[in-house]
Amino acid sequence: TEIYTLSLHDALPISGRPAGRRRRELMSLQEQLNDAMKEAMRAKESLRLNTIRMIRTAVKNAEIDQRRSLEDAEIIAVMATLVKQRRESAQMYRDNGRTDLAEKEELEIAVVQQFLPQPLTDAELTALIEQTVTELGASSLKDLGAVMKVLSEATRGRAEGRVVSERVRARLGA
């Protein structure tokens with residue numbers, strides 16, 4: 001690895017990146033967030049900018065807690081948590097008659113979801129549950145833990161755990 005020195009104390013490794021812009025699919029989530037933040041700054045989109053900064057802060061806090069850089073799957077988990085928190089906040093604001101704040105939370109959810117994988121459709125989730133139950137030979141609610149262990153990895157960031165759990169319970173209880 002080559003080293004490009006920024007100062008006497010800081011060194012930044014430079015990886016052999018291909019020249020030019022890489023397609024979005026090949027970019028890490030960190031790179032996508034950085035690019036999106038720059039675009040939001042240029043476009044003066046304050047809500048989008050603040051939301052992306054919030055995401056980056058949450059990711060940075062998780063990295064500090066774990067004392068290492070996060071992989072994309074872990075960043076997705078952090079963003080899924082942010083979406084869940086925003087949904088709960090929006091619901092509380094609506095319950096207390098603060099639709100203005102609820103709408104702001106929902107707009108933030110929309111920004112965060114732009115960086116998450118496409119959510120599973122009902123048909124895809126049903127097929128995934130059926131496949132997992134069949135592969136594991138699950139037949140009763142006693143097998144719920146084993147099924148959820150496999151499904152939580154497969155659906156991370158693409159479906160809410162509560163929804164998956166309810167669907168698995170219904171399938172195993174039937």
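None of these values were measured; they are calculated from a predicted model. (Residues numbered from 1 in each chain as written. Predicted model: local features only at pLDDT ≥ 70, side-chain atom pairs only at ≥ 80, totals over all residues. Heavy atoms only, no water.)

K.L.:
Looking at this model, I keep getting lost on the overall build of the chain. Mind explaining?
P.N.:
Counting its regular elements, the chain contains seven helices and two strands. The helix and strand sequence of the chain, counted from the amino end, reads β-β-α-α-α-α-α-α-α. For the chain, the proportion of its 174 residues judged to be buried stands at 30%. Within the chain, contacts between residues at least 6 apart in sequence are counted, and of these 52% link residues at least 24 apart. Here the chain has roughly 11,800 Å² of accessible surface; of this, 51% comes from carbon and sulfur atoms. (Helix = DSSP H or I, 4+ residues; strand = E, 2+ residues; numbered from the N terminus. Buried < 20%, exposed > 50% of the residue type's maximum accessible area, 1.4 Å probe, protein only. Contact = heavy atoms within 4.5 Å. Areas by Shrake-Rupley, 256 points an atom, 1.4 Å probe, with all protein chains shown as cover.)

K.L.:
What's the story with helix H7 (residues 161–173) in this structure? I'm lost.
P.N.:
Given 3.6 residues to a turn, an α-helix orients residues that are three or four positions apart in the same direction. Helix length check: H7, at 13 residues, gives a terminal C-alpha distance of 18 Å against a target of 18 Å (1.5 Å per residue), a fit within 8%. What H7 keeps buried is the set Val 164, Ser 165, Val 168 and Leu 172. On an axial view of H7, the arc spanned by its buried residues comes to 100 degrees, and they lie on one face. Set apart from the buried face of H7 by more than 90 degrees, the exposed residues are Arg 162, Ala 170 and Gly 173. Check the buried side of H7 and you find it contacts helix H5 (122–136) and helix H6 (144–155). (Expected span 1.5 Å × (residues − 1). Arc of directions from axis to C-beta.)

K.L.:
Looking at this structure, how should I read helix H1 (residues 29–43)?
P.N.:
The terminal C-alpha atoms of H1, which comprises 15 residues, lie 21 Å apart, in line with the 21 Å expected from a rise of 1.5 Å per residue. Among all positions of H1, only Leu 29, Glu 31, Gln 32, Leu 33, Asp 35, Ala 36, Met 37 and Ala 40 are buried. Contact partners of the buried residues in H1: helix H2 (46–66) and helix H3 (72–95). The first or second residue beyond H1 is Lys 44, which carries a positive phi of 55 degrees.

K.L.:
Which parts of the structure should I look at to understand the packing of H6 against H7?
P.N.:
Between two packed helices, the angle of one axis relative to the other and the distance separating the axes together describe the packing. Two numbers describe how H6 lies on H7: the axes approach to 10 Å, and their chain directions differ by 140 degrees. Comparing the axis directions of H6 and H7 gives the class oblique. As for how H6 packs across H7, the hand of that crossing is right-handed. Listed contacts from H7 to Leu 144, Val 147, Met 148, Leu 151 and Thr 155 of H6 are Gly 161, Val 164, Ser 165, Val 168, Arg 169 and Leu 172. By residue class, the composition of the contact of H6 with H7 is seven nonpolar, three polar and one charged. (Axes fitted to C-alpha atoms, helices over the stretch in contact; angles between N-to-C directions. Parallel < 35°, antiparallel > 145°, perpendicular 65-115°, else oblique. Left-handed = near helix turned anticlockwise from the far one by under 90°. Nonpolar A, V, L, I, M, F, W, Y, C, P; charged D, E, K, R; others polar.)

K.L.:
How should a positive patch on the surface be read in this particular structure?
P.N.:
A cluster of like positive charges, contributed by Lys 38, Arg 42, Arg 53 and Arg 56, occupies part of the molecular surface. Secondary structure elements with two or more residues in the positive patch: H1 and H2. By the element assignment, Lys 38 lies in helix H1. (Patch = residues over 30% accessible without salt bridge, like charges linked within 9 Å, V, L, I, M, F, W, Y side chains within 5 Å. Salt bridge = Lys/Arg side-chain N within 4 Å of Asp/Glu carboxyl O. Lys, Arg positive; Asp, Glu negative; His and termini not counted. Charge placed at Lys NZ, Arg CZ, Asp CG, Glu CD.)

K.L.:
Is there a simple way to explain the nonpolar core in this structure?
P.N.:
Side chains that are nonpolar tend, in soluble globular proteins, to be buried together. Formed by 24 residues in total, the largest nonpolar core has its most connected members in Ile 52, Ile 55, Met 79, Val 112 and Phe 115. It is H2 that contributes the most residues to this core, seven residues altogether. Dropping the residues within four chain positions of it, Val 112 is found in contact with Thr 51, Met 54, Ile 55, Met 79 and Val 83. In this structure, Leu 120, Ile 129, Ala 138 and Val 168 belong to the second largest nonpolar core, which totals twelve residues. (Core = buried A, V, L, I, M, F, W, Y, C linked by side-chain atoms within 4.5 Å.)

K.L.:
How do you make sense of the pattern of salt bridges when you look at a structure like this?
P.N.:
Opposite charge on two side chains lets them pair, provided their charged atoms get close. A complete count under the given rule lists 14 salt bridges for this structure. Among the ionic pairs, Arg 98 bridges to Asp 100, the shortest N-O distance being 3.3 Å. Here Asp 100 falls in the partly exposed class, since its relative accessible area comes to 44%. A salt bridge links Asp 122 to Arg 167; its shortest N-O distance comes to 3.6 Å. Of this pair, Asp 122 sits in helix H5 while Arg 167 sits in helix H7; the two residues are 45 residues apart in sequence, bridging distant segments of the chain.

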